[in-house]
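Coordinate analysis (summary)
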Amino acid sequence: MLMKLINFQLGLRTLAVAKKQLTREELDKFTKKLNKTRRLVKDREEKMRELYKSIETNLYILGATGVEDQLQHGVQDTLIALSRAGIRIWVLTGDKVETAVNVAIACGLLLPSSVQMKITNFKSGHDLKEHLLNVE
């Protein structure tokens, strides 16, 4: 936990390496559930998260590290030029919201003091549309 706190404060992505010893029976049972869950059409992502959460318990931590995500050369200048030209820029990501905000700040898209609108966790396009129509 201390490593995660230190890496977060430094703006690093924390990676943990852990292991868990499974019996052949446990592995076979998990693999069977995994293959079945991967074929689901409805609620697949949610069921996959639940399945992984069920197996990722009582892990033995082997180590942790912090990785700095570097922006490509010229990204900040390009985004500033686009913004000055009146082009609106949106950050769309499958990453954690905190990571997206940190990247947006690092590339000059946001200032730490900027007003942020975070649109997250919508189950359908209809729900998202309803939310956006009601934003003031």
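To be clear, the structure that these remarks concern was listed above.
Criteria and thresholds
Residues numbered from 1 in each chain as written. Predicted model: local features only at pLDDT ≥ 70, side-chain atom pairs only at ≥ 80, totals over all residues. Heavy atoms only, no water. Helix = DSSP H or I, 4+ residues; strand = E, 2+ residues; numbered from the N terminus. Buried < 20%, exposed > 50% of the residue type's maximum accessible area, 1.4 Å probe, protein only. Contact = heavy atoms within 4.5 Å. Areas by Shrake-Rupley, 256 points an atom, 1.4 Å probe, with all protein chains shown as cover. Core = buried A, V, L, I, M, F, W, Y, C linked by side-chain atoms within 4.5 Å. Salt bridge = Lys/Arg side-chain N within 4 Å of Asp/Glu carboxyl O.

1. Here's the deal with the overall build of the protein chain
Helices and strands together make up the secondary structure of the protein chain, namely six helices and two strands. Tracing the protein chain from N to C terminus, the helices and strands come up as α-β-α-α-β-α-α-α. Split into buried and exposed, the 136 residues of the protein chain put 10% on the buried side. Contacts spanning at least 24 positions in sequence make up 56% of the contacts within the protein chain whose residues lie at least 6 apart. Taken as a whole, the protein chain presents about 12,000 Å² of accessible surface, with 55% of it coming from carbon and sulfur.

2. Thoughts on the nonpolar core
Counting five residues, the largest nonpolar core consists of Phe30, Leu34, Met48, Leu51 and Ile55. When residues of this core are traced back to their parent elements, those giving at least two are helix H2 (24–38) and helix H3 (44–55).

3. Overview of the pattern of salt bridges
Per the stated rule, a full pass over the model turns up one salt bridge. Arg24 is the partner of Asp28 in a salt bridge, and the nearest nitrogen-oxygen pair spans 3.4 Å. Highlighted residues: Asp28 and Arg24, both in helix H2, separated by four residues, approximately one helical turn. We classify Asp28 as partly exposed; its relative accessible area is 40%. The class for Arg24 is exposed, based on a relative accessible area of 59%.

4. Brief notes about the environment of Tyr60
With respect to the helices and strands, Tyr60 occurs in strand E2 (residues 60–67). A C-alpha to C-alpha distance of 6.2 Å links Tyr60 and Lys20, two positions 40 residues apart in sequence. Once residues lying within four places of it in the same chain are set aside, the contact partners of Tyr60 are Val17, Ala18 and Lys19.

In short, geometric facts, not functional conclusions.
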